[in-house]
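# Residue-level structure breakdown
Listed below, chain by chain, are the residues.
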Amino acid sequence: MKISEFSPSHLSEDDIFKLLYNGIEDNLQKGDLIFVPGSSKAAEYRLPEAIRLYQKGRANKLLFSGGVKWPGHELAEAEMLMKKAIGYGIPPKDLFLENISLHTKENVLASMLVMDRMCGLENISNIIIVTAPFHMRRLHMTLLTYMPKWIHYSLVCSDDGATGKEQWMQNHYGRKRAFDEAVKIIDYVKKGILIDLEI
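My aim in this report is to walk through the structure given alongside it, one point at a time. Given the structure is predicted, the values throughout are model-derived calculations rather than measurements. (Residues numbered from 1 in each chain as written. Predicted model: local features only at pLDDT ≥ 70, side-chain atom pairs only at ≥ 80, totals over all residues. Heavy atoms only, no water.)

We now examine the pairing of strand β5 (residues 152-157). Note that strand β4 (residues 126-131) and β5 share six bridges and pair parallel. From the neighbouring strand, Ile128 faces β5, where its bridge partner is Ser154. At this point the chain moves from β4, through helix α5 (residues 133-146), to the parallel β5, and the crossover so formed is right-handed. (Pairing = 2+ DSSP bridges. Helix = DSSP H or I, 4+ residues; strand = E, 2+ residues; numbered from the N terminus. Right-handed = clockwise from strand over helix to strand, strands pointing away.)

The geometry of an aromatic ring pair is captured by the separation of the ring centres together with the interplanar angle, meaning the angle of the planes. For the structure on display, the rule yields two aromatic pairs. Both rings, one in Phe17 and one in Tyr21, keep their centres 5.9 Å apart while their planes meet at 40°; by these two values the pair is tilted. Its relative accessible area of 29% is what places Phe17 among the partly exposed residues. The buried category is assigned to Tyr21, whose relative accessible area is 3%. Here the aromatic rings of Tyr21 and Trp168 are separated by 6.1 Å at their centres, their planes lie at 25°, and the arrangement is stacked. Of this pair, Tyr21 sits in the loop between α1 (13-20) and β1 (33-37) while Trp168 sits in the loop between β5 and α6 (172-191), and the two are 147 residues apart along the sequence. (Phe/Tyr/Trp six-rings, centres within 6.5 Å; stacked < 30°, edge-to-face > 60°. Buried < 20%, exposed > 50% of the residue type's maximum accessible area, 1.4 Å probe, protein only.)

Adjacent strands of a sheet form backbone hydrogen bonds with each other and so pair up, either parallel or antiparallel. Taken in spatial order, the five strands make up an open sheet running β3-β2-β1-β4-β5, and their pairing is parallel. Sheet topology places β3 (95-98) and β5 at the edges, where each strand pairs with a single neighbour. Neighbour-to-neighbour, the strand axes of this sheet turn through a mean angle of 25°, independent of strand direction. Pairing between strand β2 (residues 62-65) and β3: four bridges, direction parallel. Looking at β3, one finds that Ser65 is bridged to Glu98. Packing of helix α3 (residues 77-87) onto the sheet brings it into contact with β1, β2 and β3, and relative to β3 it is tilted by some 165°. (Axes fitted to C-alpha atoms, helices over the stretch in contact; angles between N-to-C directions. Contact = heavy atoms within 4.5 Å.)

The following block contains the structure:
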């Protein structure tokens, strides 16, 4: 079934699972870089997972993306992630920054130039993505829609404590986040913002 065939007003739990979680797994491949989009809690949930992958040798570069400045923060999302990564002992030479994007599509579009300047898009064959479980499908689809077609992706979900594929049905916040995300993906596909996939 294609994503465009789902009806946002008639989504079952099984539909939401298929839309957000089915087939989302880490293929354990090495990457040319680890890509981390920002969020209000990215430093808390996404950054530790990205640093773990870096320290394991899965990739030797980290790219942080996000230009939103959340209330109470002087730095944009990506700047905050970079500052904390340096605090974890990651060498600055291995850290790259995109700090103008305001949402997922812009994360990808604005990061393409940074990636090209890092090492040339033509030299990238696999990107390790680190984001929250509920967000992974949309981020992956955005990359598939806008990035060069030869690039592959390793999908690594960080544990946000609420939206994992075994967790999202167990609490009100997780269910609402998953439902809203599923509706958003269907809407973006129908508008042509994202490619239509067989799920």
